[in-house]
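Structure at a glance
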Amino acid sequence: MHDSPASELPPEEPIPDWWRHWWRRQTPTRQDRFAMLAPLAAVVLFLAAIISAFWYLRLEEMDREQEAVRRDVEYAQQRLRLRLLERQEQLMRIARDISNKEVDAEEFVVRSESMLAQYPELLMLTWIDERRRVKAGYAAPSLSFNQTRIKGEVLRPGETETIYSLARDLQQPVYSQPAAGPDSSGLLQLHVPLADQGKFAGIILGEYSIDGLLRYGVPAEVSAKYAVALLDAKGRIIAGNSVPPRNPATQFLPWAAQPNEYEVPVSPVGNGLIVRAQAYRTGLGVIGSGLFWLVGALSAMTAWMLIANWRHTRRRMQAQQALMAETNFRRAMENSMLTGMRALDMHGRITYVNAAFCQMTGWSEAELVGRTPPFPYWPEEDRELLAARLEDELKGRTIQGGFQVRVKRKDGSLFDARLYVSPLVDAKGNQTGWMTSMTDITEPTRIREQLQASHERFTTVLEALDASVSVAPLGSEELLFANKLYRLWFGGRAGGHLQMVAQAGTSERPATTEDSLDSVDSLVGLPTNTLMTAASENAEIFVPELGKWLEVRSRYLNWVDGRLAQMVIATDITSRRVAEELAAAQAERAQSASRLITMGEMASSVAHELNQPLTAISNYCNGLMSRIKGRQISEEDMLAALDKTARQAQRAGQIIQRIRSFVKRSEPNRTLSDVSVMVSEAMELADIELRRRNVRMSHYVAARLPHLMVDPILIEQVLINLLRNAAESIEQAGRPPGRRSVELRVVPKQEGTQDVVEFSVLDSGEGLAPEVMERLYEAFFSTKAEGMGIGLNLCRTIVESHHGRMQAENIYNGSEVSGCRFSFWIPVSGATNPIVGKDAGVTTT
């Protein structure tokens, strides 16, 4: 039986009328809820009004304070402005008197002393001529000696020099603020220019103490109410003080008072001197008044009382709503279940059915509740069986896993169902009946039948394959699956699977020893990527027991039980291997025949090459015989002649041996070969033909070329063929002796993503026509009257059998064809070492 809450609910009974009336009385209406929330809403509105009123008053107070600060700061700024303008006018009068020659240096000192005594903010007055030399000056006694200027000294470079030049250029008073020294306070300088008959004659430099300006220029009533300070252009305080900063933790509170300050530039100095005033916080404001706290406390008490009453009422409503929600939840759960539920009493009468049961059978709850066997959803042909099942159920003989039956719908259709039966126990622990759950298994049954049919089709396909398929878990000799062909070849054991895996070289499971169990992963070598995307491994093996060649493909997969397994598919390729061996033998015979044809075509050149050493040997022997007969030779001359004869004989033997090794038929033998050795041996044979045709040959072999995994005889055959074709093309073109040349180049190259060695042959012939280029590698196609047309076709076959490529192209000099270039490349084998100690070279013959 399914473990569900609905299985433990008692059967549904009609709800009494008294319960409904009591529930209506206990359930609060919408009017009750409104009456309960109305006082709370009124208190909230009252608090909001009080807070808004106090907030408005606070804003009004802040605006008034800000306006007072602005007014007082502007008043202080006017006082400072007037004081500076008065001193400026006095200095300008002194400047006019100096320009009119009415004041000399002594009179200037007297006037300066008078002004400094009358206006304490002035610290020093200095008369500076047009050469920046101090002519006269007077400083306040409070200044230190280092801050005074001595008569006759010249302004130091950089000291007020820029402002001095500006006053000279503008011919107007100029204010400036020099940098304060470590032992001096901030200064304000006024440069008043002097004129002598329209020419610049110097300046009068007045220096103010900024602290003095603040002390004597700002009204006392303003200084008493505010923290007044003078700022420079960068906002730094150069005189005065400021209100201490507030606590950062309270500055963002809505009732926290914001700093009340105002600042304005001091005219005529400009933005270089700013006066700022910050109001002291002396009153508590609206928030600090007793009325605010009294009203707030009374409002909070009223709100607390109403909230307590509201919480009590809300808890009562929540309990009622929870009971209703629980009842509705159980009813909704019963109605939303897909499993049909049926309750029987101890006598077999139906006492309860849920909505799913009614929907499955098509019978309503009223038609089923109270019915006794036989039930209307029992098929007629199964009634005896179902009656016996019900009798066992009532006697307690139930099946734990349930049982399958057929159920008839109201419309007469049938469906498969599975029933689970369990006892129905009340709250006191007494059994009151039996609870049955019914599940419609028509769709699962259909899917299971389809899966079984699909499995049978899949098995039939695997059994009919012409390839062996086997699956075995890693590290085990168990055979999980084998098709018909595998069983025919290897029987029903996993030995054949393991044998193919071992021969193919794929890692079924790495062998471990007792010493390596702790340090080596037993699954080393397996793919680390997702098994479903791991690439399969292919190999071709020969099985002596079967006498067959098999192509083995393996792949890792997860078996149905979660184990990691390896699938091996083996295909019989014996016929293909036999055909490949026959094709290889035919190709080998064609290559041998081509070499014989090549040597046959070079027979006259070889005979001429052999005739030279043989003629020399004959001449040396005849000369020796004549001189010996005439007793006209010494022992030393005889030894020298015999040595020359031996060298000529050795040369002839080397030519014959080279031709013999070239035309000798041998099995294909790919080894790591030295490129320079292959090139030199091919050039020895080709050079005979090229010299006969009066063609010069040059070659270039790059230094430190890697070894190639090739058959050297076949590569030499390709080079000889290309060199001979180049010589024939030059002779056919009728080139003059100066242009009869062939070049052989061997260099490393990058082809795509792999390293290769490129061989190229360049000639100075007449090139290839377009129609010839299209059929260049076609078998039995030749442009020579006596040619067989298999040379280039065989060359390309040899190159491609070494995984290389071959190509041909014309060489142009402007629009004229000046030759042809044949090239091919061979990929570099796996782990090869470059040739150490050999340098690249160019040789011409």
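Residues numbered from 1 in each chain as written. Predicted model: local features only at pLDDT ≥ 70, side-chain atom pairs only at ≥ 80, totals over all residues. Heavy atoms only, no water.

1. Here's the deal with the overall build of the protein chain
Regarding its fold elements, the protein chain presents 20 helices and 27 strands. Here the protein chain holds 845 residues, and the buried ones make up 38% of them. If you take every contact in the protein chain between residues at least 6 apart in sequence, the share linking residues at least 24 apart comes to 61%. Of the roughly 48700 Å² of accessible surface on the protein chain, 55% is carried by carbon and sulfur atoms. (Helix = DSSP H or I, 4+ residues; strand = E, 2+ residues; numbered from the N terminus. Buried < 20%, exposed > 50% of the residue type's maximum accessible area, 1.4 Å probe, protein only. Contact = heavy atoms within 4.5 Å. Areas by Shrake-Rupley, 256 points an atom, 1.4 Å probe, with all protein chains shown as cover.)

2. Side note on the pattern of salt bridges
As enumerated under the stated definition, the model contains 38 salt bridges in all. For the salt bridge of Arg-563 with Glu-478, the shortest nitrogen-to-oxygen distance reads 3.1 Å. Residue Arg-563 is located in the loop between strand E18 (548-558) and strand E19 (564-572), and its partner Glu-478 is located in the loop between strand E15 (467-473) and strand E16 (481-482); the two are separated by 85 residues in the primary sequence. Taking the relative accessible area as the measure of exposure, Arg-563 reaches 32% and is therefore partly exposed. In this structure Glu-478 comes out as partly exposed when scored by relative accessible area, which is 37%. For Arg-724, the salt bridge goes to Glu-728, with nearest N and O atoms at 3.3 Å. Placement of both Arg-724 and Glu-728 in helix H18 (residues 712-733) is noted, with a separation of four residues, approximately one turn of the helix. (Salt bridge = Lys/Arg side-chain N within 4 Å of Asp/Glu carboxyl O.)

3. Considering the pairing of strand E13 (residues 414-425)
Looking at chain direction, strand E12 (residues 403-408) and E13 are connected through six bridges and run antiparallel. The partner of Val-407 across the bridge, within E13, is Phe-415. Between E12 and E13, which pair antiparallel one after the other, the connecting turn spans five residues, and Gly-412 there sits at a positive phi close to 95 degrees. Of the pairings in the sheet, the one linking E13 to strand E14 (residues 431-440) comprises nine bridges and is antiparallel in character. Bridge pairing links Val-425 to Gln-431 in E14. (Pairing = 2+ DSSP bridges.)

4. Considerations on the nonpolar core
One finds Val-679, Phe-759, Met-806, Phe-822 and Phe-824 to be the most contacted residues of the largest nonpolar core, which totals 47 residues. No other element matches the ten residues that H18 contributes to this core. Leaving out residues up to four positions away in the same chain, Phe-824 has contacts with Val-718, Leu-719, Leu-722, Val-757, Glu-758, Phe-759, Val-799, Arg-805 and Met-806. Grouped together as the second largest cluster of nonpolar side chains are 44 residues, Val-73, Ala-76, Met-115 and Ala-140 included. (Core = buried A, V, L, I, M, F, W, Y, C linked by side-chain atoms within 4.5 Å.)

5. Let's talk about the side chain of Asp-763
On the secondary structure map, Asp-763 appears in strand E24 (residues 754-763). Notably, Asp-763 is buried but unbridged: the nearest opposite-charge side chain belongs to Arg-735, and the N-O separation is 7.2 Å. Polar side-chain contacts of Asp-763 include one of 2.9 Å to the backbone nitrogen of Gly-765. Not counting the four nearest positions on each side in its chain, Asp-763 is found in contact with Ala-726, Ser-729, Ile-730, Ser-741, Val-742, Ser-818, Gly-819 and Cys-820. (Lys, Arg positive; Asp, Glu negative; His and termini not counted. Polar contact = N/O pair within 3.5 Å; in protein donor to acceptor, adjacent residues only side chain to side chain.)

6. Describing the environment of Leu-214
The residue Leu-214 is located in helix H5 (residues 210-217) in this model. Distance from Leu-214 to Gly-240, taken between C-alpha atoms, is 7.1 Å for residues 26 residues apart in sequence.

7. Describing the sheet that holds strand E4 (residues 187-196)
The strand order E2-E1-E5-E4-E3 describes an open sheet built from five strands, whose pairing is antiparallel. Two strands bound the open sheet, and with one partner strand each, they are strand E2 (134-139) and strand E3 (174-176). On average, adjacent strands in this sheet sit at an angle of 15 degrees to one another, irrespective of strand direction. Strand direction decides the pairing type here: E4 and strand E5 (residues 199-209), joined by ten bridges, are antiparallel. Across the sheet, the residue bridging to Pro-193 is Ile-203, located in E5. (Axes fitted to C-alpha atoms, helices over the stretch in contact; angles between N-to-C directions.)

8. Section: a nonpolar patch on the surface
A cluster of nonpolar side chains, contributed by Leu-294, Leu-298 and Met-301, occupies part of the molecular surface with about 320 Å² of accessible area. Tracing the backbone shows Met-301 in helix H7 (residues 290-336). Taking relative accessible area as the criterion, Met-301 reaches 53% and is therefore assigned exposed. (Patch = residues over 30% accessible without salt bridge, like charges linked within 9 Å, V, L, I, M, F, W, Y side chains within 5 Å.)

9. Focus on the sheet that holds strand E10 (residues 340-345)
As summarised here, the arrangement of the five strands in space is E11-E10-E14-E13-E12, forming an open sheet in which the pairing is antiparallel. Where the open sheet ends on each side, the last strands, each with one partner, are strand E11 (350-353) and E12. Along the sheet, successive strands turn relative to each other by an average axial angle of 35 degrees, direction set aside. Each of E10, E12, E13 and E14 is contacted by helix H10 (residues 383-394), which is oriented at about 65 degrees to E10, the strand it contacts most.

10. So, empty space enclosed by the protein
Overall, the coordinates contain one cavity of 30 Å³ or more when judged by the stated rule. Lining the largest cavity are 15 residues, and of these Arg-342, Trp-378, Leu-386, Phe-403 and Leu-419 lie nearest its centre. Where the lining of the largest cavity is concerned, the elements lending two or more residues are H10, E12 and E14. Per-class residue counts for the lining of the largest cavity are ten nonpolar, one polar and four charged. (1 Å grid on protein atoms, 1.4 Å probe; cavity = no way out; pocket = protein on both sides within 12 Å on 5 of 7 lines; lining within 4 Å. Points joined across faces, edges and corners; volume = space filled by probe spheres on them. Nonpolar A, V, L, I, M, F, W, Y, C, P; charged D, E, K, R; others polar.)

11. Some words on H10
Since there are 3.6 residues in each turn of an α-helix, residues three or four apart along the chain are aligned in direction. Taking 1.5 Å of rise per residue, twelve residues should cover 16 Å, and H10 covers 16 Å from first to last C-alpha, within 8% of that figure. Every buried residue belonging to H10 is among Leu-386, Leu-390 and Glu-393, and all of these are buried. Down the axis of H10, the smallest arc covering the buried residues is 60 degrees, so these residues share one side. Turned more than 90 degrees from where H10 packs its buried face, Glu-384 and Leu-385 sit exposed. Elements that come into contact with the buried residues of H10 comprise E10, E12, E13 and E14. Positive phi shows up at Gly-396, right after H10, with a value of about 90 degrees. (Expected span 1.5 Å × (residues − 1). Arc of directions from axis to C-beta.)

12. Points about the packing of helix H17 (residues 675-692) against H18
The relative placement of two packed helices comes down to the angle between their axes together with the axis-to-axis distance. Viewed as axis vectors pointing N to C, H17 and H18 meet at an angle of 35 degrees, and their least axial separation amounts to 9 Å. Seen along the crossing, H17 lies across H18 with a hand that is right-handed. Within the contact between the two elements, H17 uses Met-678, Val-679, Glu-681, Ala-682, Leu-685, Ala-686, Glu-689 and Leu-690 and H18 uses Pro-712, Ile-715, Glu-716, Leu-719, Ile-720, Leu-723, Arg-724 and Ala-727. Of the residues contributing to the contact of H17 with H18, the split by class is twelve nonpolar, no polar and four charged. (Left-handed = near helix turned anticlockwise from the far one by under 90°.)

13. Digging into unusual backbone geometry
Geometrically, the link from Ser-267 to Pro-268 is a cis peptide bond, its omega value of 10 degrees lying close to zero. Within the secondary structure, Pro-268 sits in the loop between strand E8 (261-266) and strand E9 (270-279). The amide bond that connects Pro-373 to the next residue, Pro-374, takes the cis arrangement and shows omega of -5 degrees. Notably, Gln-197 is not glycine yet its phi reads approximately 55 degrees, a positive angle. Residue position: Gln-197 is located in the loop between E4 and E5.

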